[in-house]
Amino acid sequence: MSSNEDEKNKKTVTIRGVDKSIYERAVMTARETGRTVGEIVNQALSSFLGLTSKATNAVTQVVQGVKETGKSFVQGFEDAKKDVVVISDVQELSVTRDEILQVGKPISFRNIKKLTLNIDQEALNYVDSIIGVDELVIPSTINKIILLQKCKFVKKISTIS
């Protein structure tokens, strides 16, 4: 940007209520660094606005996390009311059609790194939900649309080879 364009972007501004000691520190910093008070104040305002933007983003992420935690809590509460068997916190699990049918109740799979479901469409009817699974492995015969309606926070779905 040329010096002429730089001057067009600058504006004379009067700001009321500036603490005198802070202003004096800005003047001293400007003298010590060979810059103008305007440059120092611009830098300070720019830094402040950047920090508030980052803080706003961080707060937004925390709020989103709280919302998700609340949803998980409500989901767990709802599951408890409908007599769902919860299988959770396992690194790797492989389940067969017969194992699911023998339980005879809806099953919710949660927080599993790798879950392999060697099942058919009938057994899929007993799967209530699949939540927080890094990799879900299924037979190619399973209807993925029906399966996906039961999934939340599943990172990868692949078929049994």
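What counts as what
- Residues numbered from 1 in each chain as written.
- Predicted model: local features only at pLDDT ≥ 70, side-chain atom pairs only at ≥ 80, totals over all residues.
- Heavy atoms only, no water.
- Salt bridge = Lys/Arg side-chain N within 4 Å of Asp/Glu carboxyl O.
- Helix = DSSP H or I, 4+ residues; strand = E, 2+ residues; numbered from the N terminus.
- Buried < 20%, exposed > 50% of the residue type's maximum accessible area, 1.4 Å probe, protein only.
- pLDDT = per-residue confidence, 0-100.
- Pairing = 2+ DSSP bridges.

**Some remarks on the pattern of salt bridges**
Here comes step 1: Tallied over the full model, the rule gives six salt bridges.
Here comes step 2: D120 serves as the salt-bridge partner of R97, at 2.5 Å between the closest nitrogen and oxygen. Within this pair, whereas R97 is found in helix α4 (residues 97–103), its partner D120 is found in the loop between β2 (107–118) and α5 (121–124), the two being separated by 23 residues in sequence.
Here comes step 3: R97 sits in the partly exposed class, given a relative accessible area of 28%.
Here comes step 4: Members of the salt-bridge network, linked through shared partners, are R97, D98, D120 and E122.

**A closer look at the confidence of the model for the protein chain**
Here comes step 1: Of all residues in the protein chain, 89% have pLDDT values of 70 or greater, and the mean over the chain is 85.
Here comes step 2: Confidence, expressed as mean pLDDT per element, reaches its minimum in the protein chain at helix α1 (residues 3–8) with 62 and its maximum at α4 with 96.

**Considerations on the pairing of strand β3 (residues 127–138)**
Regular strands have side chains that alternate between both faces of the sheet.
Here comes step 1: Both β2 and β3 contribute to a ladder of eight bridges, which runs parallel. Across the sheet, I107 pairs through a bridge with V127, a residue of β3.
Here comes step 2: Across two bridges, β3 lies against strand β4 (residues 151–152) in parallel orientation. In the sheet register, I130 faces β4, and the bridge partner there is C151.
Here comes step 3: As paired elements, β3 and strand β5 (residues 156–159) share four bridges and run parallel to each other. If you follow E135 over to β5, its bridge partner there is K156.

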